[in-house]
Amino acid sequence: MMPELSKQQTQRNGDRKRKCDETGTDTASEQNSLAKRAKDDASSAQNTKQPKLKELSQQQQYLSEADVGITEFVTREWTGFDAIIKHRFSDFFVNEIDRAGRVEHLTSYTEVDDPEPPATEEEKTIEELGGVPDDPQEAFDQGMSRLAEILGEHDALLIKKHLDLDQDPDADPETASEHSVTLDRELSKDLRRQVYMVTNNFLPTRVGCETVDGKLQFTRKDKDAQKNKQRQPARRAGRGASQWRHIGDYCHFVMQKENHDTMDVLSQIARHLRVSQRTLGVAGTKDKRGITVQRCSAYRVDHSRLIWASNRLRGARLGNYSYAANELKLGDLGGNQFRIILRHVVGADPESLEPVLQGIRTTGFVNYYGMQRFGTQAISSHSVGVAVLKADWHAAVDLLLKPRPGDREDVRRARDTWYQAKDAEAALKLLPQKAALAECSILRAFQKSRDASNAAGAFAAIPRNLRLMYVHAYQSYVWNTAVSVRIRLHGLGGAVPGDLVIRAQAFSAADGEEEEVEGASRVEPTLVTEDNRDQYTIYDVVLPLPGWAVKYPEHAVREVYDETMKKDGLSPAELNKHPLKEYRLAGAYRHMVIRPRDFSYQWMRYNDDKQPLARSDSDAIEGKHDPESIAFGDHVALKLAFDLPSSAYATMLLRELMRKETAAGFQSNLSSKSGRE
């Protein structure tokens, strides 16, 4: 782990670099000297400042930004201000932006864009015949007439006579002269199809028909069947394969969730519909603590079933249904639109903050992976990722199940039960599944196999997206660490020789990140040289997430990857040698600094901390108005609105603005002090 340098160390490097720039002696030797000094400083800081994982767990209940490589800022002059992030979950709004740039909104719970499926050949024939009468006797008479046209009068009368169809349909079927009759001649496939069309639609409760040894056999249906089986409509309520092909195999819908994980809500939907969760697709996972809106897809699920399920969900509503040929997959989005309320603002006012807000709009912020990426507890997701990349399944399982500070009481008791007795069944009874999906998956696997030594099998029971999250968190940690060193070494004045660049305007919003799918495309970066450095800006500079298929910078930052991973017993060059293919990381590229789009802000005053300061999409549907600022209110809030590309973290923009720790545990403590909801 490569931590933040001390202020004295950072200042010393900065002074030395400025001296080189002013005197024109920024030679290769000077740069190498600067790189070596920064490397030595980082190594010294590593040995003296950073606690080991066990020590960290004992000293604090949450990770800090420095623990995951987040140390630098775009501008150093601003000192920041105090405010609370996510004091209420309704202070954080996210609306997904699709690849075409449209912002997803929930505007109706029932609206559907459902093109009429094409009629089948049978339906077309019935329509040409004038349809099926609603009156049963009239339908019967027409049906017998149609049979006479198809089979001839002789066979139609034979069927009617032998099955005694003239008798009262409510009469005892035992009085019928015969129960079935078989025609003594074979019919062509087309004629049989026409007969089935008549019996299925005009005579569904009176006559059954099937082919036996190539001949049609007609059966009189008994009284119970006539009473209990309603006549099927000409058009089936469900969708046949041809109808799905016409409208598209996937029902798309908009999901708004409140204070729930994306996967938790998808699990609820799948449970209500009695389908596999793999039936459902999303373009991205959203923050739990917030009100988020995103598009989802469901394979061959009719919108009427989703409307039914929506009314039974906890913390979510569905709407705006449509049909499409494509499934939504992770990465199928252009970005996210954020609306964020900072409450209890102290140390800033409209006049003093104006230049800072303008600076955020024009210069942007360091595109770090935010704290959500690494979990909220002392044992981070990326530490589990190290064990996974080593295929050390016992270590991975132990890290997930072991007790740690900061757990809620029921989770703490469950962990203690497992740790002391290795009793999976007893621990499961104490563990809330919604709060501990990975832990529940592991314990259920142990319970089922009755083999607590099968750590590999237990870890494999965790849903795939969650398993991959751990290794992606480790990639993110290495990337954050490398970016911090890159900024300390070379500043943010522009691209320098040895950097890798991809034109920001031509770069896909999804950055090609984490597309560990074979054959996934990645934009190839350009190496910066003395000859082309003036063609690029700091916003074009990218650094790789470690992997076997990426290029690395050709300056001192390259060593950061090797040294950081070496401390964890790993190597970038060996990320394609994992025994399991899904953990062989190809890597990708990520821009170092980004700017928000459509950045705006509004000051508000309010009295009640429980009062919402913005309305959600569902509030708009229900006719609620946007809350207004209260003149001379007791508290000050700052409302921010902006768009970011996918995989960028809004909390890192807030960090640049506020200069305060964004770790969930730190913010939770602040919120508790002010009377959290």
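Since the model is a prediction, treat every value here as computed from it, not as a measurement. (Residues numbered from 1 in each chain as written. Predicted model: local features only at pLDDT ≥ 70, side-chain atom pairs only at ≥ 80, totals over all residues. Heavy atoms only, no water.)

A. Expanded view of helix H19 (residues 464–490). Across its 27 residues, H19 extends 39 Å between first and last C-alpha, which sits within 8% of the 39 Å expected from 1.5 Å per residue. Where H19 bends most, at Tyr 470, the angle is about 25 degrees. Of all the 27 residues making up H19, 24 are buried; the element is thus mostly covered by neighbouring parts of the structure. After H19 finishes, the residue Gly 491 shows a positive phi value of roughly 70 degrees. (Helix = DSSP H or I, 4+ residues; strand = E, 2+ residues; numbered from the N terminus. Expected span 1.5 Å × (residues − 1). Bend = angle between axes of the 7 residues up to and from the residue. Buried < 20%, exposed > 50% of the residue type's maximum accessible area, 1.4 Å probe, protein only.)

B. Spotlight on the environment of Gly 385. When you line up the elements, Gly 385 lands in helix H13 (residues 381–389). Along the backbone, Gly 385 and Ala 473 are 88 residues apart, and their C-alpha atoms lie at a distance of 6.7 Å. In this structure, Gly 385 is in contact with Tyr 470 and Val 471, ignoring residues within four places of it in sequence. (Contact = heavy atoms within 4.5 Å.)

C. Spatial organisation of the pattern of salt bridges. Across all of its chains, the model carries 31 salt bridges by this definition. Between Arg 655 and Glu 65 there is a salt bridge, with its nearest N and O atoms 3.0 Å apart. Here Arg 655 is found in helix H22 (residues 650–658), whereas its partner Glu 65 is found in the loop between helix H3 (53–59) and strand S1 (82–85), with 590 residues between them in sequence. Of the charged contacts in the structure, one is a salt bridge between Arg 597 and Asp 643, with a shortest N-O distance of 3.1 Å. Here the residue Arg 597 occupies a position in strand S18 (residues 597–606), and Asp 643 occupies one in strand S19 (residues 635–645), the gap between them amounting to 46 residues. (Salt bridge = Lys/Arg side-chain N within 4 Å of Asp/Glu carboxyl O.)

D. Representation of the packing of H19 against helix H20 (residues 557–567) within the structure. Running from amino to carboxyl end, H19 crosses H20 at an angle of 140 degrees, the nearest separation of the two axes being 9 Å. The angle between the axes of H19 and H20 places the two elements in the oblique class. The two elements H19 and H20 meet at a crossing, and its hand is right-handed. Residues Tyr 474, Tyr 477, Val 478, Trp 479, Thr 481, Ala 482, Val 485, Arg 486 and Leu 489 of H19 lie in contact with H20, whose contacting residues are Val 557, Val 560, Tyr 561, Thr 564 and Met 565. (Axes fitted to C-alpha atoms, helices over the stretch in contact; angles between N-to-C directions. Parallel < 35°, antiparallel > 145°, perpendicular 65-115°, else oblique. Left-handed = near helix turned anticlockwise from the far one by under 90°.)

E. A look at the sheet that holds strand S16 (residues 588–591). Strands sit in the order S14-S13-S15-S16 across an open sheet of 4 strands; the sheet is antiparallel. Because the sheet does not close on itself, it has two edges, and the strands there are strand S14 (526–527) and S16. Pairing of strand S15 (residues 541–545) with S16, which is carried by 4 bridges, proceeds in the antiparallel orientation. Note that in S16 the partner of Leu 543 across the bridge is Arg 590. Contacting S15 and S16, H19 runs over the sheet at an angle of about 145 degrees to S15. (Pairing = 2+ DSSP bridges.)

F. Representation of a negative patch on the surface within the structure. Side chains of Asp 134, Asp 135, Glu 138 and Asp 141 sit close together on the surface and give a patch of like negative charge. Within the fold, Asp 135 resides in the loop between helix H4 (121–128) and helix H5 (136–151). (Patch = residues over 30% accessible without salt bridge, like charges linked within 9 Å, V, L, I, M, F, W, Y side chains within 5 Å. Areas by Shrake-Rupley, 256 points an atom, 1.4 Å probe, with all protein chains shown as cover. Lys, Arg positive; Asp, Glu negative; His and termini not counted. Charge placed at Lys NZ, Arg CZ, Asp CG, Glu CD.)

G. Region of interest: the sheet that holds strand S5 (residues 207–212). Sheet architecture is open: 3 strands sit in the order S4-S6-S5, paired in antiparallel fashion. Because the sheet does not close on itself, it has two edges, and the strands there are strand S4 (180–182) and S5. For this sheet, the mean inter-axis angle between neighbouring strands, taken without regard to orientation, is 20 degrees. Strand direction decides the pairing type here: S5 and strand S6 (residues 215–220), joined by 6 bridges, are antiparallel. Looking at the pairing, Val 212 lines up with Lys 215 of S6. Running at roughly 155 degrees to S5, helix H7 (residues 189–201) makes contact with S5 and S6 of the sheet.

H. How the structure looks around helix H15 (residues 409–421). For H15, built from 13 residues, the straight-helix expectation of 18 Å at 1.5 Å per residue is met to within 8% by its first-to-last C-alpha distance of 18 Å. All buried positions along H15 are accounted for by Val 411, Ala 414, Arg 415, Asp 416 and Trp 418. Buried residues belonging to H15 abut helix H14 (393–401), helix H16 (424–430) and helix H17 (437–449). Positive phi appears at Lys 422, one or two residues downstream of H15, with a value of about 50 degrees.

I. Inspection of the packing of aromatic side chains at higher detail. Applying the stated criterion across every chain, the model contains 14 aromatic pairs. Taking the centre distance of 6.4 Å and the plane angle of 40 degrees together, the rings of Phe 253 and Tyr 321 count as tilted. Here the residue Phe 253 occupies a position in strand S7 (residues 250–258), and Tyr 321 occupies one in strand S10 (residues 316–324), the gap between them amounting to 68 residues. Each member of the pair, Phe 253 together with Tyr 321, is buried. Considering the side-chain rings of Tyr 369 and Trp 479, the 5.7 Å spacing of their centres and the 85 degrees angle between planes classify their relative orientation as edge-to-face. Linking Tyr 369 in the loop between strand S12 (365–366) and H13 with Trp 479 in helix H19, this pair joins segments that are 110 residues apart in sequence. Each member of the aromatic cluster is reached from another via a ring pair, and the members are Phe 92, Phe 338, Phe 599, Tyr 601 and Phe 642. Positioned over the ring face of Tyr 539 is Arg 595, at 3.7 Å from the centre of the ring. The ring of Phe 73 has Arg 655 sitting right over it, with the charged end atom 4.0 Å from the ring centre. (Phe/Tyr/Trp six-rings, centres within 6.5 Å; stacked < 30°, edge-to-face > 60°. Lys NZ or Arg CZ within 6 Å of the ring centre and 35° of its normal.)

J. View of the side chain of Lys 257. Among the secondary structure elements, Lys 257 is positioned in strand S7. Asp 261 provides the closest opposite charge to the buried, salt-bridge-free Lys 257, at an N-O distance of 6.1 Å. A polar atom in the side chain of Lys 257 sits 2.6 Å from the backbone oxygen of Asp 287. What Lys 257 contacts, discounting residues up to four positions off in sequence, is Thr 262, Val 265, Lys 286, Asp 287, Lys 288, Gly 290, Ile 291, Thr 292, Gln 294, Gly 315 and Ala 316. (Polar contact = N/O pair within 3.5 Å; in protein donor to acceptor, adjacent residues only side chain to side chain.)

K. Region of interest: empty space enclosed by the protein. Under the definition given, this model contains 2 cavities of 30 Å³ or more. Estimates place the volume of the largest cavity at around 40 Å³. If you trace the largest cavity, you find it lined by Leu 401, Ala 414, Arg 415, Trp 418, Ala 427, Leu 431, Glu 439 and Leu 443. Those elements that place two or more of their residues in the lining of the largest cavity are H15 and H17. The element best represented in the lining of the largest cavity is H15, accounting for 3 residues. In terms of residue class, the lining of the largest cavity is made up of 6 nonpolar, no polar and 2 charged. (1 Å grid on protein atoms, 1.4 Å probe; cavity = no way out; pocket = protein on both sides within 12 Å on 5 of 7 lines; lining within 4 Å. Points joined across faces, edges and corners; volume = space filled by probe spheres on them. Nonpolar A, V, L, I, M, F, W, Y, C, P; charged D, E, K, R; others polar.)

L. Representation of the nonpolar core within the structure. The biggest cluster of nonpolar side chains holds 110 residues, and the ones touching the most others in it are Phe 81, Leu 342, Phe 459 and Leu 657. With 14 residues, H19 is the single largest residue contributor to this core. Leaving out residues up to four positions away in the same chain, Leu 657 has contacts with Trp 78, Gly 80, Phe 81, Leu 342, Leu 353, Val 356, Leu 357, Ile 360, Leu 638 and Leu 640. (Core = buried A, V, L, I, M, F, W, Y, C linked by side-chain atoms within 4.5 Å.)

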